Amino acid sequence: MEPLNTPALVPEDLTGKVLIAMPGMGDPRFAGSVVFMCSHSPEGAMGLIVNKRMAEVTFAEMLEQLEIVPPGGAPDMPVCFGGPVEMRRGFVLHTSDYHSAKNESLVVDHRFAMTATVDILEDIAHRRGPLKALMALGYSGWGPGQLEAEIADNGWLTAEATPDLIFSTAIDRKWEAALQSLGVHPLMLSSEAGHA
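All of these numbers come straight from a predicted model, not from anything done at the bench.

Thresholds, definitions, all that
- Residues numbered from 1 in each chain as written.
- Predicted model: local features only at pLDDT ≥ 70, side-chain atom pairs only at ≥ 80, totals over all residues.
- Heavy atoms only, no water.
- Helix = DSSP H or I, 4+ residues; strand = E, 2+ residues; numbered from the N terminus.
- Buried < 20%, exposed > 50% of the residue type's maximum accessible area, 1.4 Å probe, protein only.
- Areas by Shrake-Rupley, 256 points an atom, 1.4 Å probe, with all protein chains shown as cover.
- Phe/Tyr/Trp six-rings, centres within 6.5 Å; stacked < 30°, edge-to-face > 60°.
- Pairing = 2+ DSSP bridges.
- Salt bridge = Lys/Arg side-chain N within 4 Å of Asp/Glu carboxyl O.
- Contact = heavy atoms within 4.5 Å.

Trainee: For this particular structure, what's the right way to read the overall build of the chain?
Mentor: In terms of regular secondary structure, the chain is built from five helices and nine strands. Listing every helix and strand of the chain by position from the N terminus yields β-β-β-α-β-β-β-β-α-β-α-β-α-α. Across the 196 residues of the chain, 49% fall into the buried class. When the accessible surface of the chain is split by element, carbon and sulfur atoms take 52% of a total near 9,700 Å².

Written out as structure tokens, the structure reads:
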């Protein structure tokens, strides 16, 4: 059987797609990860892990640290480990219906945007935010050609991102759901390169 991802099959632009970690992923920080790709170009790539909840902090605690007092209590929004880069920095991945008043939102495509400024947290706390969102601390980054090499080495599968997968699927089910969107059952995967 041929590898699921060969260099010829790697899409040129993975912006707005998801990466699904293969069982043989060499980096334990990414084991079992689903990464939403915020940007991808010849200069590198940036994404947010969307299926690893931060056990150390809740959204309510984050608002409290920032001295944001939500009327009626904090909304229930997951806080994810977005990746190992700049882990003290927060990113909100959200539906594209919201735009930061400071025009600081990165529009990924017609469905998704990402904002990294405090005003979105204030708007979410006051129920003026996006229709759906998740918070991430830190991000995942790759230098030029690094991600393409990892895909060619069978470290990642790529799939379409859907708002349902990103915002509505339970965090602990996203990896399996992302695989199933490709017609792949987790038990079919092998950690050996080129086998699925």
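That covers the picture; the talk isn't over yet.
Trainee: Please explain the packing of aromatic side chains as it appears in this structure.
Mentor: Two numbers describe a pair of aromatic rings. These are the distance of the centres and the angle of the planes. Throughout the structure, instances matching the rule amount to six aromatic pairs. On the numbers, 5.7 Å between centres and 75° between planes, the contact of phenylalanine 30 with tryptophan 156 is edge-to-face. Remark: tryptophan 156 occurs in strand β9 (residues 156-160) and phenylalanine 30 occurs in the loop between β1 (17-21) and β2 (34-41); sequence separation between them is 126 residues. No difference in accessibility class separates phenylalanine 30 from tryptophan 156, as the two residues are buried. By the ring-pair criterion, three or more aromatic residues cluster together here, those being Phe30, Trp142 and Trp156.

Trainee: Before we go on, may I ask you to explain the pairing of strand β3 (residues 44-49) in this structure?
Mentor: Remark: a regular strand shows side chains that alternate across the two faces of the sheet. When you tally the buried positions in β3, you get six out of six residues, the bulk of the element. Covered by surrounding structure in β3 are Gly44, Met46 and Leu48 together with Ala45, Gly47 and Ile49, the residues of both alternating faces. As defined by bridge partners, β2 adjoins β3 across six bridges and the pair is classed as antiparallel. Each bridged residue has a counterpart across the sheet, and for serine 39 the counterpart in β3 is methionine 46. Linking two consecutive strands that pair antiparallel, namely β2 and β3, is a turn of two residues.

Trainee: What's the story with the pattern of salt bridges in this structure? I'm lost.
Mentor: Side-chain pairs of opposite charge can arise whenever the charged atoms involved come near each other. Tallied over the full model, the rule gives six salt bridges. The salt bridge partner of aspartate 27 is arginine 29, with a shortest N-O separation of 2.7 Å. A salt bridge links aspartate 109 to arginine 111; its shortest N-O distance comes to 2.8 Å.

Trainee: Help me understand helix α5 (residues 174-181), please; the structure alone is not making it clear to me.
Mentor: Along an α-helix, residues three or four positions apart point the same way, because every turn accommodates 3.6 residues. Within the span of α5, buried status applies to Lys174, Ala177, Ala178 and Leu179. In this structure, the buried residues of α5 make contact with β1, β2, β8 (133-142), β9 and α4 (163-168). At the exit of α5 stands glycine 183, carrying a positive phi of roughly 80°.

Trainee: Even after reading the chapter, I still don't get the pairing of β1, so can you show me in this structure?
Mentor: Burial runs high along β1: five of the five residues are buried. Along β1, one buried face is formed by Lys17, Leu19 and Ala21 and the opposite face, lined by Val18 and Ile20, is buried too. In this sheet, β9 lies alongside β1 in antiparallel orientation, the contact comprising five bridges. Each bridged residue has a counterpart across the sheet, and for valine 18 the counterpart in β9 is alanine 159. Where β1 and β2 come together, three bridges link them in antiparallel fashion. When the bridges of β2 are listed, valine 18 appears paired with phenylalanine 36.

Trainee: In this structure, what is going on with unusual backbone geometry? I would like to understand it.
Mentor: Note on backbone geometry: most residues besides glycine have negative phi, and most peptide bonds are trans. For arginine 127, which is not glycine, the phi dihedral falls at a positive 60°. Along the polypeptide, arginine 127 turns up in the loop between α2 (118-125) and β8. If you check the backbone angles, asparagine 154 has positive phi at about 70° while not being a glycine. Summarising the element assignment, asparagine 154 is placed in the loop between α3 (146-152) and β9. Asparagine 154 gets classed as buried once you look at its relative accessible area, which sits at 8%.

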